[in-house]
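Chain residues, written in single-letter form:
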Amino acid sequence: MANKIRVTVWNEYRHEKSEESIRAIYPKGIHGCVKDFLDQHDDLEVRIAALDDPDQGLPDDVLNNTDVLMWWGHMAHGAVDDALVQRIKKRVYDDGMGFVAMHSAHMSKPFREIVGTSGKLLWSDDQHEIMWNVLPSHPITAGIPEHVDLGIEEMYGEPFMIPQPDELLFISWFEHGYVFRSGCTYHRGRGKVFYFQPGHEACRSFYNEYVQKILYNGVKWAAPNDFGSPMHNCDYRKNLV
C-alpha cells in the first residue's frame, strides 16, 4: 500500500500520573488512548510522545519524521520549550506538517504561535454537550451524523479568541445555554491545522466512536501534500522567458 501517514500523538502526561481518578479513565494516558484507536487504521503509523520524555518527546529525528502532530496539553503549557515551538511552527509552515490541537491545546504554545491567537475562551463546569455537524460535506465530517451527543464534557464557550476559521465544522451546545465553535480548520503556510474541542481529561470523550472517527479523518485531512522541492530551493530563473 502507499506510504503510511506518520502520526505523533503528544501529551503533556501530567494529570494521569498525579491524579488517580484521571489515571482510572486513561490508564495508558490520553496519548495512549488516542494511539490505540488510531492503530486500528492500516494507513497510519502512530507513535506517542510526552513532555517529560527526553527533548520533551520531540527530538529532531521524531519531529522531522512526523506528518501529523497531535497535541494535548493543559496544566503545563508554560513548560514547553520556546525553541521547540518554533521548530514545530517551521515544520508546519515550511514543510506542510499537519497539526491537530485537541481540547485544552487551544492554550498551548504551538497552537497559539501557529494560528496567531491568544487562545482565550469562556469556560465553566462540566455540562451535557451536543456537538452539531455544520459542514457535512467536509472530509473531516465524513460519516459523522448531524449531531453527536457527547454526554458530559468541560464547558467551553464563546467568545473564543481565535482568527476567523477557514472552515467551521462543528458548533457545540451546552446544557446551560452556551455555544462554542468546537471544530475549526486553518491553513498556515504549507500546513493545515485542525482544532477539536472534546477531550477533557476527566471525561470519556476519547472513547466515543464519532470522536475517534473525527480525529482519524482530521489526521487524514491534515497530512501534507506532495509539494516537491520547497520554493526557496528552486531556481526561479528557469521560469523566465
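Position numbers for residues start from 1 in each chain and track the written sequence from start to end. Only residues with pLDDT of 70 or above have their local features reported here, since the model is predicted, and side-chain atom pairs are shown and tallied only from 80 upward, although totals for entire chains, interfaces and linings are computed over all residues. Heavy atoms throughout the structure, all of them, feed into the side-chain values; hydrogens and water do not.

### Looking at the overall build of the protein chain
Within the protein chain one finds 7 helices and 9 strands. Taken over C-alpha atoms, the radius of gyration is set against a globule rule of 2.2 Å times the number of residues to the power 0.38. Rg of the C-alpha trace for the protein chain: 18 Å, near the compact-globule value of 18 Å for 241 residues, within the 12% margin. In terms of principal-axis extent, the alpha carbons of the protein chain reach across some 65 × 40 × 40 Å. Each residue is placed in one exposure class: buried if its accessible area under a 1.4 Å probe, protein chains only, is under 20% of its type's maximum, exposed if it is over 50%, and partly exposed if it falls in between. Evaluated residue by residue, the protein chain yields a buried proportion of 52% over its 241 residues. Contacts in the protein chain between residues far apart in sequence, at least 24 positions, make up 71% of those at least 6 positions apart. Entry remark: accessible area of the protein chain is about 11,100 Å², with carbon and sulfur atoms responsible for 51%. The way it works is that DSSP assigns letters per residue, a run of H or I at least four long becomes a helix, a run of E at least two long becomes a strand, and they are numbered from the N terminus. By the convention used here, residues are in contact when the closest approach between their heavy atoms is within 4.5 Å. In this description, accessible areas are obtained by the Shrake-Rupley approach with a 1.4 Å probe, and a residue is regarded as covered only by the protein chains that are shown.

### Some points on the pairing of strand β1 (residues 5-11)
Burial analysis of β1 places 6 of its 7 residues in the buried class, which makes it a mostly covered element. Pairing between two strands requires that DSSP report at least two bridges joining them. Bridge analysis of β1 against strand β2 (residues 44-50) gives 7 bridges, and the strand direction is parallel. Each bridged residue has a counterpart across the sheet, and for Val9 the counterpart in β2 is Ile48. Where β1 meets strand β3 (residues 68-72), 5 bridges bridge the pair, whose relative direction is parallel.

### Some points on the environment of Leu69
Here Leu69 lies in strand β3. Along the backbone, Leu69 and Val9 are 60 residues apart, and their C-alpha atoms lie at a distance of 6.1 Å. Discounting residues that sit within four places of it in the chain, Leu69 has contacts with Thr8, Trp10, Leu58, Leu63, Ile88, Met97, Gly98, Phe99 and Val100.

### What to know about the nonpolar core
Judged by nonpolar contacts, the single largest core of 35 residues is most densely connected at Val7, Val34, Leu38, Met70, Met102, Phe206 and Leu215. Among the elements that line this core, the one with the most residues is helix α7 (residues 209-222), at 7 residues. The residues touching Val34, leaving out its near neighbours within four places in the chain, are Val9, Met70, Met102 and Phe206. Side-chain atoms within 4.5 Å link the members of a nonpolar core, which is a set of buried Ala, Val, Leu, Ile, Met, Phe, Trp, Tyr and Cys residues. Counting 32 residues, the second largest nonpolar core, distinct from the first, contains Ala49, Leu51, Val85 and Ala105.

### Looking at the side chain of His31
Of note, His31 is situated in helix α3 (residues 29-38). The term polar contact refers here to a pair of N or O atoms within 3.5 Å; inside protein, the definition further demands a hydrogen-donor-capable atom paired with an acceptor-capable atom, and it admits residues adjacent in sequence only when both atoms are side-chain atoms. Polar contacts involving the side chain of His31 include one to the side chain of Asn11, which spans 3.2 Å. Once residues lying within four places of it in the same chain are set aside, the contact partners of His31 are Val9, Asn11, Tyr13, Ile48, Ala49 and Ala50.

### Describing the sheet that holds strand β7 (residues 167-174)
What the 9 strands build is an open sheet, ordered β2-β1-β3-β4-β9-β8-β7-β5-β6; its pairing is mixed. The outermost strands of the open sheet, each flanked by one partner alone, are β2 and β6 (147-157). Averaged over all neighbouring strand pairs, the angle between strand axes comes to 25 degrees, with direction disregarded. Throughout, an axis means a line fitted to C-alpha atoms (over the contacting stretch in the case of helices), and angles, computed between N-to-C directions, take values from 0 to 180 degrees. Contacts from α3 reach β1, β2, β3 and β4 (98-102), with the element oriented near 175 degrees to β2. Its contacts with the sheet place α7 against β1, β2, β3, β4, β5 (122-133), β6, β7, β8 (179-188) and β9 (191-196), and it is angled at close to 165 degrees to β9.

### Brief notes about the confidence of the model for the protein chain
Scored from 0 to 100, pLDDT records how confident the predictor is in each individual residue. Looking at the protein chain as a whole, the pLDDT averages 94, with 93% of positions reaching at least 70. Contacts for the low-pLDDT stretch residues 228-241, under 50 throughout, to residues beyond four places or in other chains number 4 contacts.

### Observations regarding the packing of aromatic side chains
By convention, a stacked pair of Phe, Tyr or Trp rings (six-membered ring in the case of Trp) has centres within 6.5 Å and planes under 30 degrees apart, an edge-to-face pair has planes over 60 apart, and any other such pair is tilted. Enumeration according to the criterion identifies 10 aromatic pairs in this entry. Ring centres of Trp71 and Phe99 lie 6.3 Å apart, and the angle between their planes is 35 degrees; this geometry places the pair in the tilted category. Of this pair, Trp71 sits in strand β3 while Phe99 is found in strand β4, placing the two residues 28 residues apart along the sequence. The burial state of Trp71 is the same as that of Phe99; both residues are buried. Aromatic ring contacts, followed pair by pair, group Phe111, Tyr156, Phe160, Phe180 and Tyr195 into a single cluster. Whether a charge sits over a ring comes down to the Lys NZ or Arg CZ being within 6 Å of the ring centre and within 35 degrees of the ring normal. Cation over ring: Lys89 sits above Tyr93, and NZ or CZ is 5.3 Å from the ring centre.

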